[in-house]
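Each chain, written out:
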Amino acid sequence: MDHQNLDKTSSIYPMLPKGEDNTIILTQRNGPRILIREDTILQGCAGCGRAQFACSGMKKKWTALCWGKQSDKKYYCSLVLLSATFALSLLGTIFFCFTNIINDAILSSMVLKNNSLAFSMWRRPTVHPLMKVHLFNYTNWQRVKDGLDTKLHVEDVGPYVYSQHLERVNIVFDNDQLTFQERNNFKFIPEASAGAHFDQVFVPNLPLLGVSAKAASANAFSRFGIITAVNTFGNHKEAFLKLPVQRFLWGYDDNIINVAKPYLSLKGQLNFDNFGLLVTKNGTSSDIFTINTGERDINRMNILEKFKGETTLPFWGSPECNSIEASDGSIFPPSLLDRNQTLKVFFPNLCRRLPFNYVKDVEMDGVKLLRYAMPNNVFDDREHNPANQCYCQVDTGTCPPRGVIDVTQCAMGAPALASFPHFHLGDPALREHFEGINPDPDRYQSFLDIHPTLGIALSGKSNLQLNIQVQKPPSFAAVDYLQQGLILPIAWIEMSVEDLPESLQSLVYHGTYSTAAAKLGLAAFFIASLAVSTICLLVMLVRRRQKPCAIVKIISSDTELKTQLG
């Protein structure tokens, strides 16, 4: 029935007598009109309006209650708007409360793409690590040679401090892999050093000891030729020599090296003019690295894919030890930053990767970091650390003593070994032949402090000692007085990151606080929006029922009848 014009119609005909039904229909010129008995609800009325009604023949007043609904258009518009708000709020709550969408966005910006900001910072790092070199000065080697002393006395001199300035050069992109070389420039910092470059020290004659080891493993004819060449052409014919610190570290003229240059060039091991302990660290390194940029898989960002063009090392006795699956220690993929997971860092000078285990949480300038440290048993022998068994010599099965590792393959064939400084945590027998070897455990920690979100190592320190083993052939007077197999400490080097540039500090700040604040603010906004939209939707659905839109007052029947009949 039509109830839209209820308030615009008027009664002009008498009402029909009341029957058994609850409603009385009064015929009008504008169409039917509905009156209902008291307490009867009329369903489906939309806009009753206001009017006065009378029921003919009735002696009491009646009340017509007209119930209606909201406008359908307004209702459904409100419903769509609230539903959209609810859906967006729900998605926002899920994204910002249960995912790492902001962190992932930051990490994606760290992918090494050509001409990107991350690539520029990686190519020329603004962080300049400090290299602190401690040399062992053999003050009484002549007395030991003359039989006056039985033990070699060494002095720990230094540190001689250098600032490392790194640039990555010869860069080639190949899909998600990046090949490059490193160019280093180490600048001496005299004000931070405990000595001068011209300090004189007595140090092991490394070229001669290397040749001695070659002669010891050669046949009699070759051995005779090697010893004769050293005695004839060598300009440093003793097992120890006196040199300025500058020369010993960065290069001095040695005839043994000059004679061996053609042989070293053929093997591709000659990348210097004059021999020095650290000469290969300055300038462009011959090592070629290939890393993953993380463009296709962020969880492989900065992971080494190839070293010198090979996917594995050729030196050791198992695939695990020959693996190069590791970072260079500057950046780690976020998926590896698990307190229960071991991080691997590749050390090209050691021809292997070394493990770092989570130790504790630390704080730097209000930023919480994860500290990973090199385990104490990393240089243990196979009896104390079975994982090191594959680092024994494959051909002979010879394993170094506890506390040192063999790095001969990375030292042009010289019998070089690495250890913690002063043979810390090593076999006590390593220190028996020396005076002045005094390990200090508090000074020799090797660790990395890594940002848990960005994966950047913001602080760290590594302490490694370089040693050379005496391997002497028969009748070689230069080393005859030294015990066969004696391991001579040469120097120990501390690499550390102590100060961060402002650009990196800003990146760390925003990566820590700004993103956390943005994530918290957005999460709170979407949670509040979700709650409000949910409540509004429930209220709309619950109140989606008929409401009274008018109460029609009924005048007396006598008055109405007079009006109708008049």
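For the structure itself, look to the data block above.
Residues numbered from 1 in each chain as written. Predicted model: local features only at pLDDT ≥ 70, side-chain atom pairs only at ≥ 80, totals over all residues. Heavy atoms only, no water.

(A) Fine view of the overall build of the chain. What the chain contains, in helices and strands, is eleven helices and 22 strands. Pairs at least 24 apart in sequence give 66% of the contacts found in the chain among residues at least 6 apart. When the accessible surface of the chain is split by element, carbon and sulfur atoms take 54% of a total near 29200 Å². (Helix = DSSP H or I, 4+ residues; strand = E, 2+ residues; numbered from the N terminus. Contact = heavy atoms within 4.5 Å. Areas by Shrake-Rupley, 256 points an atom, 1.4 Å probe, with all protein chains shown as cover.)

(B) How the structure looks around the environment of leucine 504. Checked against the element boundaries, leucine 504 lands in helix α10 (residues 502-542). The class of leucine 504 is buried, set by a relative accessible area of 7%. Sequence separation between leucine 504 and isoleucine 456 is 48 residues; the distance between their C-alpha atoms is 9.9 Å. (Buried < 20%, exposed > 50% of the residue type's maximum accessible area, 1.4 Å probe, protein only.)

(C) Representation of the pattern of salt bridges. Applying the stated criterion across every chain, the model contains 15 salt bridges. When the shortest N-O distance is used, the salt bridge between arginine 124 and glutamate 167 registers 3.2 Å. Taken as a pair, arginine 124 in the loop between α3 (117-123) and β5 (130-138) and glutamate 167 in strand β6 (residues 152-174) lie far apart in primary sequence, 43 residues in all. A salt bridge links arginine 168 to aspartate 328; the shortest N-O distance between them is 3.5 Å. Linking arginine 168 in strand β6 with aspartate 328 in the loop between α9 (319-322) and β13 (343-347), this pair joins segments that are 160 residues apart in sequence. For arginine 168, a relative accessible area of 5% corresponds to the buried category. Among the residues examined, aspartate 328 registers a relative accessible area of 35% and is labelled partly exposed. Several salt bridges share partner residues, and in doing so they unite Arg124, Glu167 and Arg183 into one network. (Salt bridge = Lys/Arg side-chain N within 4 Å of Asp/Glu carboxyl O.)

(D) Expanded view of unusual backbone geometry. Residues glycine 158 and proline 159 are joined by a peptide bond in cis, for which omega reads 10°. Looking at the secondary structure, you find proline 159 in strand β6. Of note in this structure, asparagine 302 is not a glycine but carries a positive phi near 70°. Assignment of secondary structure puts asparagine 302 in the loop between β11 (289-292) and β12 (304-307). Residue lysine 308 is not a glycine yet carries a positive backbone phi of 60°. When you line up the elements, lysine 308 lands in the loop between β12 and α9.

(E) Structural context of the packing of aromatic side chains. The full count for this structure, using the stated rule, is 17 aromatic pairs. Ring centres 5.4 Å apart and planes at 75° place the aromatic pair tyrosine 162 and tryptophan 250 in the edge-to-face group. Separated by 88 residues along the polypeptide, tyrosine 162 in strand β6 and tryptophan 250 in helix α7 (residues 245-250) bring together distant segments of the chain. Grouping residues by exposure puts tyrosine 162 and tryptophan 250 together as buried. Taken together, a centroid distance of 5.2 Å and an interplanar angle of 75° make the contact between tryptophan 316 and tyrosine 391 edge-to-face. (Phe/Tyr/Trp six-rings, centres within 6.5 Å; stacked < 30°, edge-to-face > 60°.)

(F) Spotlight on the packing of helix α5 (residues 206-216) against helix α6 (residues 220-233). Relative to each other, α5 and α6 sit at 160°, their axes nearing to 8 Å. The orientation of α5 relative to α6 falls into the category roughly antiparallel. Viewed along their axes, α5 and α6 form a crossing whose handedness is left-handed. Taken together, the residues of α6 that come into contact with α5 (itself represented by Leu208, Val211, Lys214, Ala215 and Ala216) are Arg223, Ile226 and Val230. (Axes fitted to C-alpha atoms, helices over the stretch in contact; angles between N-to-C directions. Parallel < 35°, antiparallel > 145°, perpendicular 65-115°, else oblique. Left-handed = near helix turned anticlockwise from the far one by under 90°.)

(G) Up close: the layout of surface pockets. In this structure, the second largest pocket spans a volume of roughly 640 Å³. At the level of secondary structure, the elements contributing two or more residues to the lining of the second largest pocket comprise α5 and β17 (416-419). Considered class by class, the residues forming the lining of the second largest pocket number 13 nonpolar, nine polar and three charged. (1 Å grid on protein atoms, 1.4 Å probe; cavity = no way out; pocket = protein on both sides within 12 Å on 5 of 7 lines; lining within 4 Å. Points joined across faces, edges and corners; volume = space filled by probe spheres on them. Nonpolar A, V, L, I, M, F, W, Y, C, P; charged D, E, K, R; others polar.)

(H) Representation of the state of the cysteines within the structure. Enumeration according to the criterion identifies three disulfides in this entry. Disulfide pairing is shown between cysteine 321 and cysteine 390; the S-S distance is 1.5 Å. One end of the pair, cysteine 321, is in helix α9; the other, cysteine 390, is in the loop between β15 (367-373) and β16 (404-406), with 69 residues separating them in the sequence. Here cysteine 321 matches cysteine 390 in class, with each residue buried. Here cysteine 351 connects covalently by a disulfide to cysteine 410, the sulfurs 1.3 Å from one another. Of this pair, cysteine 351 sits in the loop between β13 and β14 (352-364) while cysteine 410 sits in the loop between β16 and β17; the two residues are 59 residues apart in sequence, bridging distant segments of the chain. You can call cysteine 410 partly exposed: its relative accessible area is 26%. (Disulfide = S-S within 2.5 Å.)

(I) Expanded view of the nonpolar core. Counting residues in each nonpolar core, the largest one holds 56 residues, and the members touching the most others are Leu135, Leu152, Phe248, Leu249 and Leu488. In terms of residues, this core owes the most to one element, strand β21 (residues 487-497), which gives six residues. For phenylalanine 248, the contacting residues outside a window of four places in its chain are Leu135, Val203, Pro204, Leu206, Leu243, Gly276, Leu277 and Ile490. With 22 residues, the next largest nonpolar core counts Leu350, Leu354, Phe356 and Met374 among its residues. (Core = buried A, V, L, I, M, F, W, Y, C linked by side-chain atoms within 4.5 Å.)

(J) Representation of the pairing of β6 within the structure. Examined bridge by bridge, β5 and β6 share eight bridges and lie antiparallel to one another. In the strand pairing of β6, phenylalanine 136 is matched with aspartate 156. One ladder, built from two bridges, connects β6 with strand β18 (residues 434-435); its direction is parallel. By the bridge assignment, histidine 153 is partnered in β18 with glutamate 435. Note that β6 and strand β7 (residues 177-188) share eleven bridges and pair antiparallel. By the bridge assignment for β7, valine 172 is matched with threonine 179. Between β6 and β7, which pair antiparallel and follow one another directly, the connecting turn spans two residues, one of which, asparagine 175, has a positive phi of 60°. (Pairing = 2+ DSSP bridges.)

(K) Main features of the pairing of β5. A large share of β5 lies buried, amounting to nine of its nine residues. Residues Leu130, Lys132, His134, Phe136 and Tyr138 point to one face of β5 and Met131, Val133, Leu135 and Asn137 to the other, with burial holding for every one of them. Of the pairings in the sheet, the one linking β5 to β21 comprises six bridges and is antiparallel in character. Bridge pairing in β21 links leucine 135 to alanine 491.

(L) Just the environment of alanine 524, in detail. With respect to the helices and strands, alanine 524 occurs in helix α10. Judged by its relative accessible area of 45%, alanine 524 falls in the partly exposed class. Considering only alpha carbons, one finds alanine 524 and cysteine 97, 427 residues apart in sequence, at a separation of 9.2 Å.

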